[in-house]
There are 2 protein chains.
Amino acid sequence: MLFIKLKTEPNIIAMNSPAISFQWFQILIFLLVLSISVSSSAAQYFNDIPRLSLILEEYSHDHQVLSATSVSEDLKTFYYTQTLDHFNYNPQSYSTFQQRYVMNFKYWGGANSSAPIFVFLGAEASLDSDLAAVGFLDDNAPRFNALIVFIEHRYYGKSIPFGSREEAFQNASTLGYFNSAQAIADYAEIIMHIKKELMATYSPVIVIGGSYGGMLASWLRLKYPHVALGALASSAPILYFDGITLNPEGGYYSVVSKDFRDTSETCYQTIQKSWAEIDKVASQPNGLSILGNKFKTCNPLSSSSELRSALRLMYAYAAQYNRAPRYQVSAICKGIDGLNSSLGSQDKDVLSKVFAGVVAFYQNSSCYINQITNASETAIGWSWQRCSEMAMPIGIGNGTMFEPIPFNLSIYKEQCESFYGVPPRPNWVTSYYGGHDIKLILQRFGSNIIFSNGLRDPYSSGGVLKTISPSIIAVTTVDGSHCLDILPEKGTDPDWLIRQRKTEVKIIKAWISKYYVDLKAYKQ
Amino acid sequence: MLFIKLKTEPNIIAMNSPAISFQWFQILIFLLVLSISVSSSAAQYFNDIPRLSLILEEYSHDHQVLSATSVSEDLKTFYYTQTLDHFNYNPQSYSTFQQRYVMNFKYWGGANSSAPIFVFLGAEASLDSDLAAVGFLDDNAPRFNALIVFIEHRYYGKSIPFGSREEAFQNASTLGYFNSAQAIADYAEIIMHIKKELMATYSPVIVIGGSYGGMLASWLRLKYPHVALGALASSAPILYFDGITLNPEGGYYSVVSKDFRDTSETCYQTIQKSWAEIDKVASQPNGLSILGNKFKTCNPLSSSSELRSALRLMYAYAAQYNRAPRYQVSAICKGIDGLNSSLGSQDKDVLSKVFAGVVAFYQNSSCYINQITNASETAIGWSWQRCSEMAMPIGIGNGTMFEPIPFNLSIYKEQCESFYGVPPRPNWVTSYYGGHDIKLILQRFGSNIIFSNGLRDPYSSGGVLKTISPSIIAVTTVDGSHCLDILPEKGTDPDWLIRQRKTEVKIIKAWISKYYVDLKAYKQ
């Protein structure tokens, strides 16, 4: 794990590995610049694109999720010798790497009965975090007599091409193979390999993924119907590309804003007022240091943007990962509204109120805002993915609790190209996977996909929220946030979440039943 | 065009271009070795895999087809700046090349009425030959008010990456981008580009292809339903891969054999006897020169395999391209059976009979069997495609008029690797496109594909011959050969061919009608 010591001491970088290339160092600085010390307004929207993750490991409240789930002892780890480039035949493309996957045979009914196979498609994280965080497979495999498989995404965890992370992340030449089409082909190959090894030719495969992994699940079903019978795509914003949605820029932050307003009108208004207040203080003599003191920043603020950006991200993550038992949006608003008595009275100024929200979110840290953080492999990997292919145009429109920050495609392109040396391809996702007019296209094509979304999840603004056909089904929950349905079942789960999961299980059961009928007829 | 002078003078090669690389030279020698001078039995099957082409330009009887059709003067030529590698983000992948496509607006109803677009997907040939040979679009566009588009396949004709054929075909590094997934992505990008330029967002696109191009058409519909509403896949052997069919090796040649037997039992038996006869003569002193004289070979025979191989290919092509007015299988059998009075009496020996068949096929050439031939770009291109991705396991099984030559995967791999430096990926087609258990997989997935096959076409043994679902439909003709339905309508067309085309047009009309109903509902 990489460790960025201090923004003001950019040369001091401690790493596990003694070998550090200049390029590697550059990536760190890029992330640092993007995530902490953005100073130009042009770069702000770039900074404010929240991670598209199943869970957010960096925040303490997610550690609860991780530690709450014990990883099953029945999991067995395997490695598959994977082709580096499925779509080329030059000598380099034949290079291979070891791709990790794990299986749990405990509940499986076996190949003879063509018992199902549930495959979780790893996304932009090490498989270890998925194993700890995802519950859908463990919870439901006994109900289906299903084999459990988790596959790690290339360039994450232990599935690294070119021998090491240092080599793999060296430059665009080594990173070029790091994209969704290759990853989905990896999954297809591994699933076919497993079925062959287990002689489970006719076992139906259900692929499951959350967030970016949910996109992969739906796309795998669409591109490889011979590999997966169906897909559960949880919180997959497959329509957040290339101007598909009517509000392409503002979608994400308008949901964040709505979440806060629905929770507390006064909280919403306080946040809305705070941006001008921050600027006002910042423009005073010693303004930044006043702000730094006010927010107990871990390091001196380099600009007011740094503070604004960190606050925006905090609100975003609170909304995206809002869930029982903490309900982070409520926690922040309780702080801001002064309802948390330990944090003082209600007659505080706007910035003190906002700071009380920060304290509530971070749960009494020793300092805030620009903490020294590890640059997670998710952050590093997703930075590349967003700058090459996953070019979601997330900005901030009008009419929210935020200041508007329109998404600027040309600046985005410029920044990515200047850092990675190659420009993004912002139209490729819709070229390869479609998305425009999805109802018109898929109502008579394809089958067996569940698009599940919680409408309080900001990414639901790019999700499929309406059922497309009798077997391409949208399942939404009014109060849900990001990927709740595939997290482990818990005693604190609200009724609507329990119902949502039951609906999904029922749909998948129907797919499999119909498949068995077809299979019987086919074999006769 | 390349010109191979003589096998015995391998260094004498005349080219249009003065620049000739060693690699280029090697490819020529490889083709030479494969197509003319195969001496080891191990390599025989390699030699005997007939070209998977819409038409076969090298044979004189196809020149009739080419010259019979005048290329429309309404065609306008365009070039699209195409991405070299759609599935990678390394700097090389951003290279571009100019890809040719042509359009004919004469019949188009225009974007305002969402009039259809017919797109012919070029296959392993220059677009010029398709424009001359394909009639389906010109014949039917007026009936649909359709725009006509023909797109050239990368690495053929004028759509050559790396600036020149010499560079593009230099080695596996430059050839690596030459595969079907990239080609289909090219087509998708160009179609989307055309629709955007013409503001024809809601014009339904029907893709049409024959043979390998028919595979591309069906795969494009399956992979890019947002780009094409439907596909007409004429004579597309998408099941001739990876052991999908029950008779994977023998399929092709068993149909050839059946075609001859159905035409004439005596002809069939004469051919069946001829192989042992050839060997018998060859084993005599001066046997090869006796055979050479008997068959009026253009050059001395290097082995009896050379003769056997040429004969097999002749029978194969006669069956594959059997059509009015000549009906090449009948022509050969008339020669063999001595029914063609000018070629002499029926009491000839077996080899004289076979030679009479050769003369009937080639229509009185000055010499036969090992003529000096141009290595067409189709031959050169397809050699790479077969050695990388299009690994159809064509051998010869038992019970035909041929000697059995089992397909040997390991020798095939070895030969390809030794020539191109990279091994083929014989499982990739089924990994990426599927094919196994196609009825089970596609009966509830996908829509709007016509698989048309003539059952006398040897490649129909790898075709989809049974309807899969109400909109994935097999159209077969008992007497049809390769791709007849998409050739130009002619006065000599038999009734069953006229009916076949009408059926196809009716199906496509129904797709488009249903689409317009959907579109109307969607826009409301």
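- Per an unreviewed UniProt entry, chain A goes by the name Peptidase S28 and belongs to Corchorus olitorius.

### Considering the confidence of the model for chain A
Residue and element names in this part refer to chain A.
Next up, step 1: Of all residues in chain A, 84% have pLDDT values of 70 or greater, and the mean over the chain is 87.
Next up, step 2: Within the model, pLDDT remains below 50 along residues 1-47, and this stretch shows 101 contacts once partners closer than five positions in the same chain are excluded.
Next up, step 3: Predicted confidence for residues 58-69 stays below pLDDT 50, and this span has 27 contacts to residues more than four positions away or in other chains.
Next up, step 4: Scored as a complex, the prediction yields pTM 0.91 and ipTM 0.90.

### Structural notes on the side chain of arginine 425 of chain A
Next up, step 1: Secondary-structure assignment places arginine 425 of chain A in the loop between helix 17 (409-420) and helix 18 (428-433).
Next up, step 2: Here aspartate 85 of chain B takes part through its backbone oxygen, which lies 3.1 Å from a polar atom of the side chain of arginine 425 of chain A.
Next up, step 3: From its side chain, arginine 425 of chain A meets the backbone oxygen of asparagine 88 of chain B in a polar contact 2.9 Å long.
Next up, step 4: Once residues within four sequence positions are removed from consideration, arginine 425 of chain A is found in contact with Ser388 and Glu389 of chain A together with Thr83, Asp85, His86, Phe87, Asn88, Tyr89, Ser93 and Tyr94 of chain B.

### Quick notes on the pattern of salt bridges
All names here are of chain B.
Next up, step 1: For the structure on display, the rule yields 28 salt bridges over all chains.
Next up, step 2: Here arginine 100 makes a salt bridge to glutamate 152, at a shortest N to O gap of 2.6 Å. Of this pair, arginine 100 sits in strand 4 (residues 96-104) while glutamate 152 sits in the loop between strand 6 (147-151) and helix 6 (165-168), and the two are 52 residues apart along the sequence. Accessibility classification places arginine 100 together with glutamate 152 in one group, the buried group.
Next up, step 3: Notably, a salt bridge pairs arginine 165 with glutamate 377, separated by 3.4 Å at the nearest N-O pair. Of this pair, arginine 165 sits in helix 6 while glutamate 377 sits in helix 16 (residues 377-388); the two residues are 212 residues apart in sequence, bridging distant segments of the chain. The residues arginine 165 and glutamate 377 share a single accessibility class, namely buried.

### Some points on the relation of the copies chain A and chain B
Next up, step 1: Superposition record for chain A on chain B: RMSD 0.0 Å, screw rotation 180°, translation along axis 0.0 Å. The relationship between the two copies is best expressed as a two-fold rotation axis. Of every C-alpha in chain A, the one belonging to glycine 446 of chain A sits nearest the axis of rotation, 2.5 Å from it.

### A word on the nonpolar core
Next up, step 1: Residues Phe260, Leu311 and Tyr315 of chain A together with Phe260, Leu311 and Tyr315 of chain B are the most contacted members of the largest nonpolar core, which totals 250 residues.
Next up, step 2: Setting aside anything within four residues of it in sequence, one finds phenylalanine 260 of chain B in contact with Cys267, Tyr268, Ile271, Tyr315, Ala318, Val329, Ile332, Cys333 and Met401 of chain B.

### Quick look at the state of the cysteines
Residue and element names in this part refer to chain A.
Next up, step 1: Counted according to the given criterion, the structure contains six disulfides over all chains.
Next up, step 2: Note that cysteine 298 is cross-linked by a disulfide to cysteine 367, the S-S spacing being 1.9 Å. Residues cysteine 298 and cysteine 367 are joined through a disulfide that is right-handed, its torsion about the S-S bond being 95°. Residue cysteine 298 is located in the loop between helix 12 (287-294) and helix 13 (304-320), and its partner cysteine 367 is located in the loop between helix 15 (350-362) and strand 9 (374-375); the two are separated by 69 residues in the primary sequence.
Next up, step 3: Exposure remark for cysteine 298: the relative accessible area of 22% places this residue in the partly exposed category.
Next up, step 4: Cysteine 367 gets classed as buried once you look at its relative accessible area, which sits at 18%.
Next up, step 5: Ordinal numbering of bonded cysteines along chain A defines a disulfide pattern of 1-3, 2-4, 5-6.

### Some thoughts on the domain arrangement of chain A
Residues and elements named next belong to chain A.
Next up, step 1: Looking at chain A, the domain boundaries give domain 1 (71-242 + 431-523) and domain 2 (246-362).
Next up, step 2: The straight-line distance from the C-alpha centre of domain 1 to that of domain 2 is 35 Å.
Next up, step 3: Each partner contributes residues to the interface: domain 1 has 13 residues there, and domain 2 has 18 residues.
Next up, step 4: Together, the buried faces of domain 1 and domain 2 total about 1,200 Å²; carbon and sulfur atoms form 56% of this surface.
Next up, step 5: Summed over the three residues of domain 1 that lose the most area to domain 2, namely Tyr240, Arg456 and Pro458, the buried surface amounts to 47% of that side.
Next up, step 6: Viewed at the interface, domain 2 and domain 1 are joined by zero salt bridges.
Next up, step 7: At the surface where domain 1 touches domain 2, the tally comes to six residue pairs in polar contact (both at pLDDT 80 or more).
Next up, step 8: By residue class, the composition of the side of domain 1 that touches domain 2 is seven nonpolar, four polar and two charged.

### Regarding the environment of threonine 467 of chain B
All names here are of chain B.
Next up, step 1: Within the element layout of this structure, threonine 467 appears in the loop between strand 10 (449-454) and strand 11 (472-477).
Next up, step 2: In this structure threonine 467 comes out as partly exposed when scored by relative accessible area, which is 40%.
Next up, step 3: Here the alpha-carbon distance between threonine 467 and leucine 175, two residues 292 residues apart in the chain, equals 36 Å.
Next up, step 4: Those residues in contact with threonine 467, other than ones at most four positions away along the chain, are Lys439, Ile472, Ile473 and Ala474.
Next up, step 5: A polar atom in the side chain of threonine 467 sits 3.1 Å from the backbone nitrogen of alanine 474.

### With respect to the sheet that holds strand 8 (residues 230-234) of chain A
Residues and elements named next belong to chain A.
Next up, step 1: In space, the eight strands of this open sheet follow the order 3-4-6-5-7-8-10-11, with mixed pairing throughout. Here the strands that pair on one side only, and so sit at the sheet edges, are strand 3 (75-83) and strand 11 (472-477). Each neighbouring strand pair of the sheet contributes to a mean axis angle of 20°, computed without reference to strand direction.
Next up, step 2: Sheet strands in contact with helix 9 (residues 212-223) are strand 5 (117-121), strand 7 (205-210), strand 8 and strand 10 (449-454), and its direction is about 150° off that of strand 7.

### Remarks on the packing of aromatic side chains
Next up, step 1: Tallied over the entire structure, the rule returns 72 aromatic pairs over all chains.
Next up, step 2: Pairing phenylalanine 355 of chain A with tyrosine 368 of chain A gives two aromatic rings, centres 5.4 Å apart and planes at 85°, and the pair type is edge-to-face. Of the two residues, phenylalanine 355 of chain A is situated in helix 15 and tyrosine 368 of chain A in the loop between helix 15 and strand 9; the sequence distance between them amounts to 13 residues. Residues phenylalanine 355 of chain A and tyrosine 368 of chain A agree in their burial class; the two are buried.
Next up, step 3: Taken together, a centroid distance of 6.3 Å and an interplanar angle of 90° make the contact between tryptophan 384 of chain A and tyrosine 89 of chain B edge-to-face. With tryptophan 384 of chain A in helix 16 (residues 377-388) and tyrosine 89 of chain B in the loop between strand 3 (75-83) and strand 4, this pair bridges two chains.
Next up, step 4: Judged by its relative accessible area of 1%, tryptophan 384 of chain A is buried.
Next up, step 5: Linked through ring pairs, Phe87, Trp219, Tyr224, Trp428, Tyr432 and Tyr433 of chain A together with Phe87, Trp219, Tyr224, Trp428, Tyr432 and Tyr433 of chain B together constitute an aromatic cluster.
Next up, step 6: Positioned above the aromatic ring of tyrosine 94 of chain B, the side-chain terminus of arginine 425 of chain A is 4.3 Å from the ring centre.

Calculation criteria
- Residues numbered from 1 in each chain as written.
- Chains lettered and ligands numbered in written order.
- Predicted model: local features only at pLDDT ≥ 70, side-chain atom pairs only at ≥ 80, totals over all residues.
- Heavy atoms only, no water.
- pLDDT = per-residue confidence, 0-100.
- Contact = heavy atoms within 4.5 Å.
- Helix = DSSP H or I, 4+ residues; strand = E, 2+ residues; numbered from the N terminus.
- Polar contact = N/O pair within 3.5 Å; in protein donor to acceptor, adjacent residues only side chain to side chain.
- Salt bridge = Lys/Arg side-chain N within 4 Å of Asp/Glu carboxyl O.
- Buried < 20%, exposed > 50% of the residue type's maximum accessible area, 1.4 Å probe, protein only.
- Least-squares fit on C-alpha atoms with pLDDT ≥ 70 in both.
- Core = buried A, V, L, I, M, F, W, Y, C linked by side-chain atoms within 4.5 Å.
- Disulfide = S-S within 2.5 Å.
- Domains from an automatic or database assignment.
- Buried area = accessible area lost by both parts, 1.4 Å probe.
- Nonpolar A, V, L, I, M, F, W, Y, C, P; charged D, E, K, R; others polar.
- Pairing = 2+ DSSP bridges.
- Axes fitted to C-alpha atoms, helices over the stretch in contact; angles between N-to-C directions.
- Phe/Tyr/Trp six-rings, centres within 6.5 Å; stacked < 30°, edge-to-face > 60°.
- Lys NZ or Arg CZ within 6 Å of the ring centre and 35° of its normal.

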